[in-house]
Structures are given as C-alpha cells and as structure tokens.
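Chain residues, written in single-letter form:
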Amino acid sequence: MNTATGSPADAAAPFSGVDAATLLLALPDPTVWVSAGGEFTLNAAARERLGAVDGLAQNWALLFTPDAAGRLMDAISRALKGEASRLSVTMPGAVAPALATVTPAGPGAALLHFRESHDPLEVALDIMDRMGLGMTVQGADSQILHANASAAAILGLTPAQLTGRDSLDPRWRAIHPNGKAFPGETHPAIVALKTGQPLLDVPMGIYHPAAEQWRWLTVTAIPRRAPGMDRPEQVTTVFADVTAQRQTREELSRSEQRLRSLVEATAQIVFTTDKLGNFSGPQPDWQAFTGQEAEQTLNPAVAIEAIHPEDRDQTMRGWAAALESGQPHSIEHRLRRKDGVYVPMQIRAVPLRSADGSVREWIGAYTDISAMRGAEAALKALNAELEGRVAVRTQELAEVTRFSTLLLTAAGEGVFGLDASGRTTFANPAAARLLGYSVERLIGSQQHDLIHHSRPDGTPYPVGDCPVHQTLRDGQTRRLDHDVLWHAQGHAVPVSSVVTPLLSAAGTVTGAVLMVQDIAERLRAQQLLQEAIEDLERSNTDLEQFAYVASHDLQEPLRTLGSYAELLGRRYEGQLDDRADRYLGFMQDAVGRMRGLIQDLLEFSRVGRGEGVPTPLNLDDAMQAAALGVGAALGEEGGASLSWDTPDAVLVHAPLIVPLLTNLIGNGLKFTAPGQPARVRVQSRQDGEMVHVTVQDNGIGIALEYQERVFDIFQRLHRREDYAGNGMGLAICRKIVEHHGGTLWLESTPLPAPDNGTTFHFTLPVAPQLPESQSSESQPSDPQTPDPQTPDPHHA
C-alpha cells in the first residue's frame, strides 16, 4: 500500500491564510483556548458540549473531574513552554473517554482540542453548517440521501422535503445566469455521476418558494467511488448562496455603466496614467482627438506636443504639483485637434489609491469648454445689457416711487391703506390733518375702532355694517357721498369716501385703500345754495305775482286810455288839422303796442306754472294745430309754404308745445328775404332719450354776433316798421324748452350768402310710442293751392 508523506509545514500550508478565530469557530470538535493568565475561550462545539456546567464562567476546569483537570493543567504548562502532548480524559456526560490534544497556541497561550468518536459524514455536514454552506449527499440515481440544515435553508425546503428529491426534479426551476432554463441532465451532480469528474463553482439560479424570489448559487459536485468500482456510487454537492454578492456585482456593474455613460456624455477624452503621470497604455479617446498613434501617446515627449506651446510649462508644473501632493488636479489648456485647431479644454484628474493609501494610478477627463467660453462671453454681454436695463428700470421705479410718495403726501384727500383685518397700514399727511391724529398714531390701529366707530347721530356703528369691512369681505368697490369719521378731539368730520379692495394673484382680498374727502365746506355751500334757492323761489313767486297783478292793473288804465283815444278820433275826425289826426293815430298805436307787451309779459310769466304732469304728445298733432295758427301768415305771403316730417312722440306739457312751434314757424314766415317766397320745413328724429326737432327757413338769417342775443326778452334786431313784434317770442320759446329739460339753439347764414336762412334746433323728452293720430288725415291744405283734390298731408 502506498502512503503519502510530507512535513508538518506542508500539511499546514493550506491553512496558512485562514484566520485563526474563523478556523476555531468552524471546528466541529470542542476546542478551548487558554492563556497563561487563566483567560479562556470556548468555540461553539465546546459551548454546546460543555457549557451547561455551573460555574463555567469562573473556571473552565470545572468541566472535568479533578483528576482529569489536574492532568490537563500539567499539559497546558508544558504547552506554554512549547511542548505538545496528548492524553485521554472523560468529557462530562460521556461514556467513552475522549482524546485531548494540548498544543502551543502562540506566546503565552495553549489550545485544548477534544475529539470524540463521530461519523465522518456527520462531521462534514456539521462543518458545512457552521460555514454556512449547503451540502447534500446523492446516490447513483441522484436522489438526496443526506442534507445539512444550511442546504434546507438555502433551498427553501425542510430536510424531510429534500430527502428523496433528485436533480432532475422540475420543481427546482433552475436557470442559467442569462435567464435560460437549466436542464436537469446538465446539473453538476448528474454530470459528476456520469463522468466521474468533479465540477467546481457552477453558477445556478433556483426559485425559493418561501421567500418567493430567485436565489443564486455556486454549486460544486464531487463524485465518490467505492473501491473497485468504475462509476461513482455517490456525489457530494456543496453550494453557497451568492444572491447578495450577485446583487452587489450587478449594482456595481450598473454603477460602472452609468459612470461610463456619464463620462462619455460629458467629456470628450478620458485617460489613465500610472502613478508617475505617464499614460499607462493606449488611450483611444486621446488618440482619436489628437490624431496621435498609440506609440506616440506612450512617449511622454511626443504626447505633450499636442498641448499648445504656450500652455506646456504651466501644464507640467501643475501636473508635477499634483503628483507630489497626491490631491485631485484641475487645469485648463489648449489641446491640438487632429485637424490642427487648438481647442480650449478643462482637465480634471483624480488619484486611485491602494489599500495602504499610496497612489496606484490616475484617471482623468478632458472637457471641451469652447462652447462654454462662448456662452460665458454671451452671458457677460447679456448680463451687462440686463444690468443696464435694471439700472434704467430701477431709476424709473425710483422716480415713480418718489412721484407716488409726493403725490400721496401732497394730495388734499386723505388716503388710508388697510390690511385684511381692517388694521391701518398707511396714512398720508392729509388723512392725519383731517382727523387730528399723527400718522404714527393712525398706523397699526384698527381703523374702524379709532375713527369710524359711530354714526353721525352718535349711535354705535357695528363693524358688520361698515362699508369698509364689507369690502374686505366681498372684494367690491364702494362709494359713499356722505359719511362721518371722528376727529381726535371728539367731533364728527363729514366726508365722502371710496373704498377699493386689494386683491392677490389668486383673487383673494388682502386689504383695501380708503380715500376720504372733507365735505364740510361742500355741505355748508349746499346749505347756502338751498337757502338761496328758497329765497329765489320766494322772489320768483313774488315777481310772478307782481307781473300777474301788474299786467292786470296796467290793462285797466290802458283800456281807459285806448277807449278815450278812440272816442276822440271818431268825434273829432275831420275837425282838427292833420297833425292832430296823426297824434291821435300815434296814441292808438302806442296803446296797441302796450297791450301786446303786457300780454306777452303775462304769457312769459305763466310758462312753467300749473301745467300738471307731462303727457305723451304726437308731434304730428301739434304741427296740425300750429299750421292752423299760422294759416293767416301763409295766406298773406304769396307762395309761402310749410311742410313737416315729425313721426315722433314727446313727453311734454301739451298746451306749451303748439305756441313753441307757432312762434318758431312764424319767425320763418315773418323774416323773409326780399323777392323770395317763404319756405319752412319742420323735422324730428329720436336721439337717445330725447327727440331732436329742427325748424328750417330760407329767411334773411341772423348774424353770428346776434345769434344768442335774440333769445333775451324785449330784444329786437330790426325796426318795428320793417318787422312787427315785441321781442318776446324767442325768449318764451327757450323758456318752454328748458322747462321740459331740453335745449334750444340756432344755426344761421345771413344775407347776402346764397344759402341764407335760419335753422332752430330744440330737444324734448321722448315718450312711449303712441298710435298714429287719425287727425293727421285731415290736415289743412295750402291756402294758396287752388285744387283741394291734391293736398300733401304734411304740407300746408
């Protein structure tokens, strides 16, 4: 029989790199580490096998009988001196003695190893459990014969569920790392049984039913042959759960891909150098940009020629400083592109360090900053322009602010700013003067409580009724012609006010502006005006009464004078000389003119007195009556005509409208141009809430300087011998129109202009539409028209 031999050093070589603590914990046999000072450490097997003894925490020797403990203490003393020994001792609760091996464990320490008789398979399964590795033993048919606890935990099954299952079972749902199915016949255990060769570290994914997720394993299958057998009779499969490691590697891979993509997206050139700063190998990005070959790139003297000559010294000094300090490096220089153009670049390089902290290599990136330089220049120009605009705008705002401040300060009206709660946030000097408070006293106070707390009669004014607070609630602008604020000295200040809401961008009320104006003078002026109006009304009443009485009282002696003048004329006609007859004629004419003046004055005084409520009137009906009134004048003037187009209705005192039209039409018939027949045209049209009426003639016209004077009473522009009248007609007309709320004016072109004539304009209130009057069908025909069969219904 051949036997392999070797030195102890050779036997220990595989464990030279294993951590002693890890190896101690992994040992399946009870093991105790003891120091010269009496300190001791038990591995897991020792704690499980021996740890139930009372007092163990104070003395490990209590684990054994006094005789066995004494012999072990002697062996430890020899081990501390460098001598190993073996002895047989009885373990607590054991039937058979165990083999104790006591060996030196370094300076001042000894190691006690107790070995009891065990099945080698159980030992192997226990060791795998302690190392967190799954282990199964499968027969020649690949069915699982034995499995440790770690195998059950990793595979998500109980040991009972594992026993009897084979590698061909589809429930494993095994997959390759690329996600493809892992057929059962390719399972490492099956392959090892078929080939008799071990398979090491085969990656495999399985579905963990308890965790409902995929787990990744590395599987090693080692076949075992029985003596004299060609095919393996069993296969031992050892596997480790590497899911966490795989996820870490995938995350690292994704991070690396993201980093590489980021570098490619943000930099044109990525390079690596050795710890001395020289390119450590081919640099594809550098070569593609500069056009240098790989051997040129690896030659520092040639590679540096791609940097602009003016930038080389600065670049080398900065790079040398970075190599010496080992700190990240950043610099800018111009790099020659393969077409010969120098491009401004920013270079950043960072060191990669070894475990001891020394620099192992450098990695860096070139970034083209030509676009950034252009953008910086454009940005500077834009900033300069914006700064100029901001300066101008700031100056404008400052001017506006100064003007606004000056305006609010100089304004005669009081101005208050209020927040949403009604607290005063601003008050101008006029507001302070108006109410006798300082601006400082007004600001910050509740406006209503301080100056608006009571009504004019002194009764309390609830905030809910206050129009200012109503605006703060509903956001509506309010105007008050008469309100009362209270002076600091306690007296009321009558004001008119306007309250305007301040709204946010969202439309909510954030405050209000209140403007108030002192109306005390206005109220006094209104009182004086009312008193004056009352005095004037009394005076007008007295004057009207006087005119009425005077006109009647004057008519009595006038009638007496006229009667006696007429008697004298009839009795002494022909008995006196011609001069006396003329004098009597003058006297009778004077009496007639005086009677006419008195009648006109009486009519003028009556306008606007006692007409009652206005009623609707068709202008066509009024024109019918006016045409009858001027019929005699139409007959006296050869060829004279009157026409009208007046379809509108007016709301008036009807008895006054016919005299109005008669006077204006009569004016046109009276003041005719020599040699021309008189033509008068009356028209009306609705203009908003008023009816606009025009009376147009072709008479002699009125000079511009007299066009307003003709409306005064007793004003005449011609001699009585040329044109009869008392000068009262147009004054009466204007009074009638103005009494109805209208306006009377004229436009005129005097002779000798070819389009001579006068047009009188007046307005009267419009009335609801009335049915067409039946009387319009019986208008009188022109007295000068011989044929009554063809009258114009709007022509007289």
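First, a word on what this report is: a plain description of the structure on this page. (Residues numbered from 1 in each chain as written. Predicted model: local features only at pLDDT ≥ 70, side-chain atom pairs only at ≥ 80, totals over all residues. Heavy atoms only, no water.)

1. Digging into the environment of Leu200
Point 1. On the secondary structure map, Leu200 appears in strand S8 (residues 199-208).
Point 2. A relative accessible area of 58% places Leu200 in the exposed class.
Point 3. Put simply, Leu200 and Ile222 are 22 residues apart on the chain and 8.2 Å apart in space, counted from C-alpha to C-alpha.
Point 4. In this view, Leu200 contacts Val219 and Thr220; residues no more than four positions away in its chain are not counted. (Helix = DSSP H or I, 4+ residues; strand = E, 2+ residues; numbered from the N terminus. Buried < 20%, exposed > 50% of the residue type's maximum accessible area, 1.4 Å probe, protein only. Contact = heavy atoms within 4.5 Å.)

2. With respect to the sheet that holds strand S15 (residues 414-419)
Point 1. A sheet is described by the order of its strands in space; here 5 strands give the open sequence S16-S15-S19-S18-S17, paired in antiparallel fashion. The strands lining the two open edges of the sheet, one partner per strand, are strand S16 (424-427) and strand S17 (478-486). If you compare each strand with its neighbour and ignore which way they point, the axes differ by 30° on average.
Point 2. Relative to S16, S15 runs antiparallel, the two sharing 3 bridges. Residue pairing for S16: Phe416 is matched across the bridge by Ala427. (Pairing = 2+ DSSP bridges. Axes fitted to C-alpha atoms, helices over the stretch in contact; angles between N-to-C directions.)

3. Here's the deal with the packing of aromatic side chains
Point 1. Tallied over the entire structure, the rule returns 6 aromatic pairs.
Point 2. Relative to Trp214, the ring of Tyr207 has its centre 5.5 Å away and its plane inclined at 75°; by these criteria the two rings are edge-to-face.
Point 3. Residue class for Tyr207 comes out partly exposed when judged on its relative accessible area of 22%.
Point 4. By relative accessible area, Trp214 is classed as partly exposed at 33%.
Point 5. Considering the side-chain rings of Trp286 and Tyr366, the 5.7 Å spacing of their centres and the 70° angle between planes classify their relative orientation as edge-to-face. Pair noted here: Trp286 is in helix H10 (residues 284-290) and Tyr366 is in strand S14 (residues 359-368), with a separation of 80 residues, a long-range link. Tyr366 matches Trp286 in its accessibility class, with the two residues each being buried.
Point 6. Aromatic ring contacts, followed pair by pair, group Phe271, Phe279, Trp286 and Tyr366 into a single cluster. (Phe/Tyr/Trp six-rings, centres within 6.5 Å; stacked < 30°, edge-to-face > 60°.)

4. Focus on a nonpolar patch on the surface
Point 1. Taken together, the side chains of Leu379, Leu382 and Leu386 define a hydrophobic patch exposed on the protein surface, amounting to about 250 Å² of accessible area.
Point 2. Considering the arrangement of structural elements, one finds Leu382 in helix H14 (residues 370-410).
Point 3. In this structure Leu382 comes out as partly exposed when scored by relative accessible area, which is 41%. (Patch = residues over 30% accessible without salt bridge, like charges linked within 9 Å, V, L, I, M, F, W, Y side chains within 5 Å. Areas by Shrake-Rupley, 256 points an atom, 1.4 Å probe, with all protein chains shown as cover. Salt bridge = Lys/Arg side-chain N within 4 Å of Asp/Glu carboxyl O.)

5. Quick notes on the packing of helix H21 (residues 619-629) against helix H23 (residues 654-670)
Point 1. At their nearest, the axes of H21 and H23 sit 9 Å apart, and the two run at 55° to each other. The orientation of H21 with respect to H23, classified from their angle, is oblique. Like other packed secondary-structure pairs, H21 and H23 cross with a definite hand, here right-handed. Two secondary-structure elements touch here, H21 through Ala622, Met623, Ala625 and Ala626 and H23 through Ile657, Val658, Leu661, Thr662 and Ile665. (Parallel < 35°, antiparallel > 145°, perpendicular 65-115°, else oblique. Left-handed = near helix turned anticlockwise from the far one by under 90°.)

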